[in-house]
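Structural characterization, general
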Amino acid sequence: MALFTKKNNENISFEVLPEHLGIIMDGNGRWAKKRGLPRKAGHKAGAEVFRTISKECGRLGIKYVTFYAFSTENWKRPKEEVDALMKLFHDYLLEAKEDVAQAGDIKLKIIGDKESFSPELLDLMLSAEEETAEHTGTTVYVAINYGGRQEIVRAVNKLIADGKEEITEEDISANLYTVPECDMIIRPSGEQRLSNFLLWQAAYSEFWYSDVLWPDFTKNDLYSALRDFERRNRRFGG
């Protein structure tokens, strides 16, 4: 947990910020349905909010932010919707340089099982990571084809392959996609569950829920969550 004051261009200040913030981007489909639009329109609107919020996290100085973009279960959705999501991700990676420049030296990391993606998309992921690898600002993890259980299984299998005969908590933490501890998880849209997100990292996370659908989520909603985090008395089970 970062104990410092950080100000942004709107003169919003925080005495305490989460070091690692997780965000479940939920409600795109319901947002579109309420407006009589196809689901892909909701995902497009949600992608713009992701860009806004990720840049704001960078400006505020949050050290790590993990966005849940596409789960291992999301492949079950209609092909048209999945294709639209992949195109949005492709377009974001093409334009990521501009976003990174606006957000104060962001380091971009794509996490999850990458084997199912096209070679073109894989090349874009690799390029985005390589081009930001030396950056020292906020690390933005984009979780795509990601599942918390899959992440833990992957870590254990890697340790077994490396010859570990006895596996400790520290071993698993060191082999996750992200940093091990997540201080706060934000979930908009009215749902109150983890949905297989950061299962290991969320052991002592603070949770913040909102009925706002993700495409309607604003910087003010982010500030409300962070202000609430400041007021929490974290005891970590003690």
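Residue numbers restart at each chain and count upward from 1, following the sequence in its written direction. Reporting in this predicted model follows two pLDDT cut-offs: at least 70 for local features of residues, and 80 or more for side-chain atom pairs to be given and counted; totals over whole chains, interfaces and linings ignore these cut-offs and use all residues. Side-chain metrics in this entry use all non-hydrogen atoms of the structure; hydrogen atoms and water are not considered.

Structural notes on the pairing of strand β3 (residues 20-24)
Quick reminder of the rule: Note on exposure labels: buried denotes an accessible area under 20% of the residue type's maximum, exposed denotes more than 50%, and partly exposed covers the range between, all computed with a 1.4 Å probe on protein chains only. Here a strand is any run of E in DSSP of at least two residues, a helix any run of H or I of at least four, and the numbering for each starts at the N terminus. A pair of strands is treated as paired once DSSP finds two or more bridges between them.
The buried fraction of β3 is high, at five of five residues. Bridging between β3 and strand β4 (residues 64-71) involves five bridges; their strand directions are parallel. Its bridge partner being in β4, H20 is matched across the sheet by Y64. Of the strand pairs in this sheet, β3 and strand β7 (residues 184-187) are connected by three bridges, and their pairing is parallel. The residue bridging I23 from the neighbouring strand is I186, located in β7.

Here's the deal with the layout of surface pockets
The following threshold applies: A cavity, in this analysis, means grid points on a 1 Å lattice covering only the protein atoms where a 1.4 Å probe fits yet has no way out; a pocket is instead an open set bounded by protein on both sides within 12 Å along at least five of seven lines, and a residue lines either one if it has an atom within 4 Å of a point. Grid points are joined across faces, edges and corners, and a volume is the space filled by probe spheres set on the points. When residues are grouped by polarity, Ala, Val, Leu, Ile, Met, Phe, Trp, Tyr, Cys and Pro land in nonpolar, Asp, Glu, Lys and Arg in charged, and all others, Gly among them, in polar.
Estimates place the volume of the largest pocket at around 870 Å³. Surrounding the largest pocket, 39 residues form its lining, M25, N28, H43, A69 and L85 being those nearest its centre. Of all the secondary structure elements, the ones that give two or more residues to the lining of the largest pocket are α1 (28-34), α2 (39-60), β4, α3 (79-102) and β6 (139-146). Looking at side-chain class alone, the lining of the largest pocket contains 16 nonpolar, eight polar and 15 charged residues.

So, the confidence of the model for the protein
Test applied: Note: pLDDT gives the predictor's confidence per residue, expressed from 0 to 100. Contacts are assigned to residue pairs that have any heavy atoms within 4.5 Å of one another.
The predicted model of the protein has a mean per-residue pLDDT of 90, with 92% of residues at 70 or higher. pLDDT under 50 marks residues 1-9. Its contacts with residues more than four places away, or in other chains, come to 34 contacts.

As for the packing of aromatic side chains
Heads up, the rule is: Two rings belonging to Phe, Tyr or Trp (six-membered ring only in the last case) form a pair when the distance between their centres is within 6.5 Å. Interplanar angles under 30 degrees mark stacking, angles over 60 mark edge-to-face geometry, and anything in between is tilted.
Going through the model one piece at a time under the given rule, you end up with twelve aromatic pairs. Between Y64 and Y141, the ring centres sit 6.3 Å apart and the planes meet at 20°, which makes this aromatic pair stacked. With Y64 in strand β4 and Y141 in strand β6, this pair connects stretches of sequence that are 77 residues apart. By relative accessible area, Y64 is classed as buried at 16%. Overall, Y141 belongs to the buried group, its relative accessible area being 4%. Each member of the aromatic cluster is reached from another via a ring pair, and the members are Y68, Y146, Y177 and F197.

Looking at the environment of D221
Rules: Here a polar contact is taken to be a pair of N or O atoms separated by no more than 3.5 Å, where protein atoms must pair a possible hydrogen donor with a possible acceptor and residues adjacent in sequence count only if both atoms sit in side chains.
Here D221 shows up in helix α7 (residues 219-231). Note on D221: relative accessible area 15%, which makes it buried. Separated by 155 residues in sequence, D221 and T66 have C-alpha atoms that sit 17 Å apart. Separated by 2.9 Å, the side chain of D221 and the backbone nitrogen of T218 make a polar contact.

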